[in-house]
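# Understanding the architecture of this molecule
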Amino acid sequence: MSGIFGIYNFDKRPADLAELNQIAECLAHRGPDGSGIWHSGPVGLVHRMLWTTPESLHEQQPLLSSAGDLVLTADARIDNRAELISRLALNDLLPNELSDGTLILKAYQKWGEECAEKLIGDFAFAIWDSRRQEIFCARGPMGVKPFYYFRSPSFFVFASEIKAILQVKGVPRHLNELMVADYLVRVFEDKAITFYQQIYRLPPAHCMSVSPQEFKQRSYWALDPYYETRLGSDREYEEAFRDVFTLAVKSRLRSAYEVGSTLSGGLDSSSIAITARNLRKQDGTHIPFKTFSAIFPSLPQEDLELIDERSYIKAVLAGGGFASHIVRADLLSPLKKLEELLWRQDEAFFAPNLYMHWALYSAAHQQGVRIFLDGIDGDVTVSYGLESLADLARSGRWKALYREAQAISRQPGVSARPRKYILRYGFKPLMPKPFIELWQIIRGAKENNVFSNTAINKEFAERNGIEKRANKFLYNGFTPFTNARKKHLLSLRSGIIPLSLELLDKTATAFSLEPRYPFYDRRLVEFCLSLPAEQKLSNGWTRSILRRSMEGVLPQEVQWRLRKS
């Protein structure tokens, strides 16, 4: 990750060079490999460089177009480089002349504000367009790279972190009670607000144009809940998934530095680590691939039975080609480095286990790793597929519903009867919310209610409309008629995803390290959403397509494990 910042004074005041230098220092932890400042009249841009890709070693930002009418500052990794080079007719340039920033700038020159939808990768960037006297900004589809901004009648300012925005004179520091309310009831679906009034996040897959006269923000990309991939056989689905997944991993191996990966022993991190190792072997790299695992050997036996994954980790490592590094998570404290974590986050954060990621990042940094692959949320991208049971119930396919529920209940370690899966996943999602609440009252039971938290001041809750607001977000899009693909889509749209990615991005800055997430590859996300339901849940196996496509790749005990600690 790198650091970006920009300011546009609508009242024509010249950008303050001393202030820009101060902000460059404020963001130094995001980019120790270079600093750049550009300013002209009322506009100033700042860039802090963290070298990651081979092309970034030769890159200078802010980046000016040859005519000098466009200036870019970007935190970006673009994965469809070959496609863009061809479409932009840049084949005559040397690879080291084609940084990812150059490709973004050339894409804007050709397609204007439509450029963001042409880019595959993780990015947050801003372009000053002197011809139009406006700043164009865009953030990647899943929100891997953070982008914050503040706008008033007199100026507009943006940055990779809130602390840089707060350096600017005239930016207020007022607590946003709505964000406090969301935090207290654990609802994070508003992807724009922060803990600071008037300081916002640019939502994932959004772009905006800002000038003194106009402020436009729109979504440039969205998942299609109606498109379905139809292939001829299970084998074809498996091969297609393996191709897209391998491409997602390969795209994230492009680096000028050492690459490492988490290895927890679960399906996701194990699939990434083994695929990365295999790709490196194909490229002729025989240096062991570095993995990082958190273990808890000193816990009591009853806890180890729930959380000990060393046997799965060892099964992966037994395949060879790895250099394993272990973090003793049982010896760590969640309170260690808390003050520094809070400084890096700029806000209260909802991640009591963040200390483990801190320790993994630290271990990776000590081993010279600068690119860190992470298997976060493979379950969301691939989907467990249990939502398809409601589709079977809705369409009256009772025999198929019973067969699938029976197959689930027969899996090793599953003690629940088929009836539980039929009722919970087959029929309950079809019931209107008032009916479920009435049934709970009759039974004398009630699900965990986010509004019953007695630690929340009643007057505060009423002032901020907590119950109404939480209901709006909690049930937005969910109805008894929501099919499995729509539910999968809503999970992929969850606000906790970009919030978590922002949190991890800022944590990784402590170690000059860039986290990358193969399961958040736009192409893989689109493919998984488009799969028929039977490719996600099949014969009682959740996440069926991932398990089957990893045949011969994963150790069987990992490939077919059902539970993750």
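Up top is the structure.
The sections below set out a description of the structure shown in this document. (Residues numbered from 1 in each chain as written. Predicted model: local features only at pLDDT ≥ 70, side-chain atom pairs only at ≥ 80, totals over all residues. Heavy atoms only, no water.)

### Structural notes on the overall build of the protein chain
The criterion, for reference: Secondary structure elements follow DSSP: runs of H or I of four or more residues count as helices, runs of E of two or more count as strands, with numbering from the N terminus. For this measure, only C-alpha atoms enter the radius of gyration; the expected value for a globule follows 2.2 Å times N^0.38, where N is the number of residues. Should any heavy atoms of two residues lie within 4.5 Å, those residues are counted as being in contact.
A tally of regular secondary structure across the protein chain gives 23 helices and 19 strands. In terms of overall size, the protein chain behaves like a compact globule, its C-alpha atoms giving a radius of gyration of 24 Å where 565 residues would be expected to give roughly 24 Å. Taken along the three principal axes of its C-alpha coordinates, the protein chain extends 70 × 65 × 50 Å. Within the protein chain, contacts between residues at least 6 apart in sequence are counted, and of these 69% link residues at least 24 apart.

### Points about the sheet that holds strand E6 (residues 121–129)
Using the following cut-off: By the convention used here, strands pair only if DSSP detects at least 2 bridges between them.
Pairing is antiparallel across the open sheet formed by six strands, whose spatial order is E4-E5-E6-E7-E11-E12. Bordering the open sheet on either side are strand E4 (63–64) and strand E12 (215–219), each of which pairs with just one other strand. Examined bridge by bridge, E6 and strand E7 (residues 134–139) share six bridges and lie antiparallel to one another. Residue pairing in the sheet places Ala 124 in a bridge with Arg 139 of E7.

### Section: the sheet that holds strand E13 (residues 258–262)
Rule in force here: Convention adopted: a line fitted to C-alpha atoms gives each axis, helices being fitted over their contacting stretch, and angles between N-to-C directions are expressed from 0 to 180 degrees.
Pairing in this open sheet of five strands is parallel, and the strands run E15-E14-E13-E16-E17 from one edge to the other. Strands at the two margins of the open sheet, each flanked by one partner only, are strand E15 (322–328) and strand E17 (514–516). Pairs of neighbouring strands in the sheet enclose a mean axial angle of 30°, with direction left out of account. Two elements, E13 and strand E14 (residues 289–295), share three bridges in a ladder whose sense is parallel. Looking at the pairing, Gly 260 lines up with Lys 290 of E14.

### Re the nonpolar core
Condition: What is meant by a nonpolar core is a set of buried Ala, Val, Leu, Ile, Met, Phe, Trp, Tyr and Cys residues, joined one to another through side-chain atoms within 4.5 Å. Three exposure classes are used, based on accessible area relative to the maximum for each residue type with a 1.4 Å probe and protein chains only: buried under 20%, partly exposed in between, and exposed over 50%.
Counting 61 residues, the largest nonpolar core has Leu 72, Ile 104, Leu 119, Phe 125, Ile 127 and Tyr 361 as the members making the most contacts within it. In terms of residue count, helix H11 (residues 354–366) provides more of this core than any other element does, seven residues in total. Excluding residues within four positions of it along the chain, Leu 119 makes contact with Ile 78, Asn 80, Leu 84, Ile 104, Ala 107, Phe 125 and Arg 522. Core analysis: the next-biggest nonpolar cluster, separate from the first, contains 34 residues, Ala 15, Leu 166, Met 179 and Tyr 196 among them.

### A few points about the packing of aromatic side chains
The test is simple: Two aromatic rings, drawn from Phe, Tyr or Trp (for Trp, its six-membered ring), form a pair once their centres lie within 6.5 Å of each other, and the interplanar angle then sorts them: stacked below 30 degrees, edge-to-face above 60, tilted otherwise. In our convention, an over-ring charge means Lys NZ or Arg CZ found within 6 Å of a ring centre and within 35 degrees of that ring's normal.
All chains considered together, the criterion is met by 25 aromatic pairs. On the basis of an interplanar angle of 10° and a centroid distance of 5.3 Å, the ring pair of Phe 147 and Phe 158 is categorised as stacked. Remark: Phe 158 occurs in strand E9 (residues 155–159) and Phe 147 occurs in the loop between E7 and strand E8 (148–151); sequence separation between them is 11 residues. A relative accessible area of 1% places Phe 147 in the buried class. Taken together, a centroid distance of 5.9 Å and an interplanar angle of 25° make the contact between Trp 398 and Phe 427 stacked. Taken together, the positions of Trp 398 in helix H14 (residues 398–409) and Phe 427 in helix H15 (residues 418–427) put the pair 29 residues apart, joining distant regions of the chain. Looking at Phe 427, the relative accessible area reads 28%, which means it is partly exposed. A cation sits over an aromatic face here: Lys 118 above Trp 111, 5.5 Å from the ring centre.

### Remarks on unusual backbone geometry
Between Gln 61 and Pro 62 the backbone carries a cis peptide bond, its omega angle lying at 0°. Not every positive phi belongs to a glycine, and Asp 346 is a case in point at roughly 70°. Classification of Asp 346 as buried rests on a relative accessible area of 13%. A positive phi angle, near 45°, is found at Ser 512, a position not held by glycine. Inspection of the secondary structure puts Ser 512 in the loop between helix H20 (496–508) and E17.

### Let's talk about the packing of helix H5 (residues 177–185) against helix H18 (residues 466–474)
We count it as follows: An angle below 35 degrees is treated as roughly parallel, one above 145 as roughly antiparallel, one from 65 to 115 as roughly perpendicular, and anything else as oblique. In this scheme the crossing of two helices becomes right-handed for a clockwise turn of the near helix relative to the far one and left-handed for an anticlockwise turn of less than a right angle. Any residue that is not Ala, Val, Leu, Ile, Met, Phe, Trp, Tyr, Cys, Pro, Asp, Glu, Lys or Arg is counted as polar, Gly included; the first ten are nonpolar and the last four charged.
One can describe the packing of H5 onto H18 by two numbers: an axis separation of 10 Å at closest approach and a directional angle of 70°. Classified by the angle their axes make, H5 and H18 are roughly perpendicular. Here the hand of the crossing between H5 and H18 comes out right-handed. Seen from H5, the contacting residues are Leu 178, Ala 181, Asp 182 and Val 185; seen from H18, they are Ile 466, Arg 469 and Ala 470. Looking at the contact of H5 with H18, its residues break down into five nonpolar, no polar and two charged.

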